[in-house]
Amino acid sequence: MGRQSNEKKRNRANNAGGVPVDAYNVGLAIANVLHELRPKTSGVLTEPTTPLNLYHIYFLYLWIAGHLSGIEREQDIPDLVLVSGRVDCALHHLRRVREGGVSWVEYAIPCALAKETVYLWQPMPDALNAVFSYWLTHHDTELHLNKMQKKQLFWRLKKRKLRTPEALRSQLVLRKDLLYSYIERMAHCDPYLSLPAQKLITAKKVHHHSALSYQMLNCDQIRYEIFCAHNRYLQRLIPQINQRHIKPFCDVRLPTTGALIPVFTTLNERPPYLKKAGAIVAFTLELTEGARTYIPIPPISIGSTRAIPIPKLSLFFGHLRQQLATAPEKNASQDALREYYNARTYELALLFVLLTGTRPTHHISIEREACFDLQRALIKDKGRYRLIDIPNYLRQAIESYLKLQARVLQTLAPNGASAMGPLWYLIDENNVAVPLTAKTLRLFMHAQWQHCFQQRLGSPEEKVVPYQLRHSFAQHALMATHPRLTTQQIDVLMGHSELGEHLGSAYAFQACNQTLIAHLNHWPSRLQLSAITPCPSKKDRAL
């Protein structure tokens, strides 16, 4: 296999929807690590069961938080700090939130913004909460490792080769580095984990890094996505560690009660704030006259802010439709017909960008020879050809425009029209057909945007550009639920691809293709765009 073929294969494996890490091998590796972290005394046989100890707490925390891969010396092992609900979130802080009679542990995750790094409270996954809740309740003063303990933990986790228990030596055990990066690897191939959430989980850059510039979620939504993702990743391991030959090494005995529990448990009752779908709110604790009150922390937005809100898009395109609702009469002047035709051209180009997500600096029209019965079209995007589906609404708009274009060609007979490759183009004052450019489209949108909101709201609006329509398309694809799109499907619609991915297989599998078409056809109704009808003349409207 050549170098280029290897690169294509690697890119496809790193994409959302790639092959996940084998759960059985991960379960064996976890059993190995827990066995390695047992208390050991020279000349004394180890106990048949594993007593829960501080090394287990540190390993599980560093593993779920994604810090294990970055530890290269014993000084890199952090000190965990248990804080109250009144203390601000900081790196390696842990806290307990009690609501509805249920206690839940939260830890800090870093979030790099444009000018600073902030820390967000993240709930522990269901499978780990029981172990952490127990330790923080009964051993809250035993959270610090001394220098010798850190040295020993570093030696066992990073330097020393894991010694497989005799009962498991016939099994193929996962390498340590693959176990330590399990959460990160699962996040990379998770088809339903959004890129803003994936960025907080993974230490490396996301596969399609440019896609981050188009998506935005607030920290409450990201917190919910990470919580659900962690639960999925650990849930697939539970059946494996509960197998008869692995279970003895993955059950831990609680020091105070002597009870034997699995290291990953599934019997947790969630507090009310974790039962709400779509977002998990972070709280700060307030004590007033002996009463404990949890005050929600205002969420911060993470990602691109260039998407235009849907109500404004609906208002703007409704304004354009109203402006162009009446076609010139048959006896209208040529200047009036040309002005109306050009305005319809601009409107169609803006609709094309909004409904397909193409880059307005690369493609704002469709070539006649690359359009297939107004069902699909081939466009050139950053030097590569890619296939796009044309939604029903846009198809109707193009058909209506082409009828107007036929009338204009018959009436004005512009020079150079027969040689024009794009389906829609402009006609200048010299009656010459000229291609539509990104600059003229930007000027038209700016003028009409200001006119729309000056007329409706009585005040000028902030400047917008056609590229923001592409951002709006991406944001809607991220938030869509009927149907819900995978991360890979969003990348296909946006044209984000690496070597070996740009042709894709979305159009070879009908189920996947139908999902994309259903999404594209739902977008105009979400925008509440006016129905496409033949534009009557003033005389027809009077009748």
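Note: the structure precedes this text.
None of the values given here were measured: they were computed from a predicted structure.

Our focus in this paragraph is helix α17 (residues 487–494). Three- or four-residue spacings in an α-helix give side chains the same orientation, since the helix completes a turn every 3.6 residues. Within α17, 6 of the 8 residues are buried, leaving the element largely enclosed by the surrounding structure. Turning to α17, its buried residues number three or more, namely Thr487, Gln489, Ile490, Asp491, Leu493 and Met494. Elements in contact with the buried residues of α17: α8 (195–201), α13 (334–356), β13 (376–381), β14 (384–389), α16 (467–479) and α18 (510–527). Phi for Gly495, located one or two positions after α17, is positive at around 80°.

The subject of this paragraph is helix α12 (residues 310–323). Between its first and last C-alpha atoms α12 spans 20 Å; for 14 residues at 1.5 Å apiece the expected length is 20 Å, and the two agree. Considered for burial, the residues of α12 that qualify are Ile310, Leu313, Ser314, Phe316, Phe317, His319, Leu320 and Arg321. Residues of α12 that are buried in the fold lie against α13, α15 (438–457), α16 and α18.

Overall, antiparallel pairing links the 3 strands, which are arranged β12-β13-β14 in an open sheet. Bordering the open sheet on either side are β12 (371–372) and β14, each of which pairs with just one other strand. Bridge analysis of β12 against β13 gives 2 bridges, and the strand direction is antiparallel. Across the sheet, the residue bridging to Phe372 is Arg376, located in β13.

A word on the nonpolar core. Counting residues in hydrophobic clusters, the biggest one holds 89 residues, and the most contacted among them are Trp63 and Phe264. The contact partners of Phe264, leaving out residues within four places of it in the chain, are Ile30, Leu60, Trp63, Ala127, Leu128, Leu234, Leu237, Ile238 and Ile241. Within the second largest apolar cluster, 70 residues are counted, among which are Ile366, Leu374, Val465 and Leu516.

Attention now moves to unusual backbone geometry. With an omega dihedral of -5°, the bond running from His482 to Pro483 counts as a cis peptide bond. Within the secondary structure layout, Pro483 lies in the loop between α16 and α17. Although it is not a glycine, Gln528 sits at a positive phi angle of roughly 60°. Note that Gln528 resides in the loop between α18 and α19 (538–542).

This part covers the pattern of salt bridges. Taken as a whole, this structure holds 16 salt bridges when the rule is applied. In this structure, Lys247 engages Asp251 in a salt bridge whose closest nitrogen and oxygen atoms are separated by 3.3 Å. Among the salt bridges present, the one from Asp381 reaches Arg359, with a minimum N-O distance of 2.5 Å. Residue Asp381 is located in strand β13, and its partner Arg359 is located in the loop between α13 and β12; the two are separated by 22 residues in the primary sequence. Here the two residues Asp381 and Arg359 agree in accessibility, since each one is buried. Among the charged side chains, a salt-bridge network with shared partners connects Arg321, Arg344 and Glu347.

Strand order in the open sheet formed by 4 strands is β2-β3-β4-β5, with mixed pairing between adjacent strands. Single-partner strands in this sheet number two, and they are β2 (81–82) and β5 (117–123). Its contacts with the sheet put helix α9 (residues 219–235) on β4 (102–112) and β5, and the angle it makes with β5 is roughly 50°.

The rules behind each value
Per chain, the residues get numbers from 1 upward, laid out in the order the sequence is written. With pLDDT at 70 or above as the cut-off, local features in this predicted model cover only qualifying residues; side-chain atom pairs require 80 or more to be listed or tallied, and sums for whole chains, interfaces and linings still use all residues. The basis for every side-chain value is the complete set of heavy atoms in the structure, and neither hydrogens nor water enter the calculation. Buried residues are those whose accessible area, probed at 1.4 Å on protein chains only, stays under 20% of the maximum for their type, while exposed residues exceed 50% and partly exposed ones sit between those limits. To qualify as a helix, a DSSP run of H or I must reach at least 4 residues; to qualify as a strand, a run of E must reach at least 2; elements of each kind are numbered from the N terminus. Contacts between residues were defined by any pair of non-hydrogen atoms, one from each residue, lying within 4.5 Å. By definition here, a helix of n residues has an expected span of 1.5 Å times n minus one. Two strands qualify as a pair provided DSSP detects at least 2 bridges between them. Nonpolar core, defined: a set of buried Ala, Val, Leu, Ile, Met, Phe, Trp, Tyr and Cys residues in which side-chain atoms within 4.5 Å join the residues together. For salt bridges, the criterion is a side-chain nitrogen of Lys or Arg within 4 Å of an Asp or Glu carboxyl oxygen. Comment: axis = line fitted to C-alpha atoms, over the contacting stretch for helices; angle = value between 0 and 180 degrees taken between N-to-C directions.

Honestly, it's all geometry; don't read function into it.
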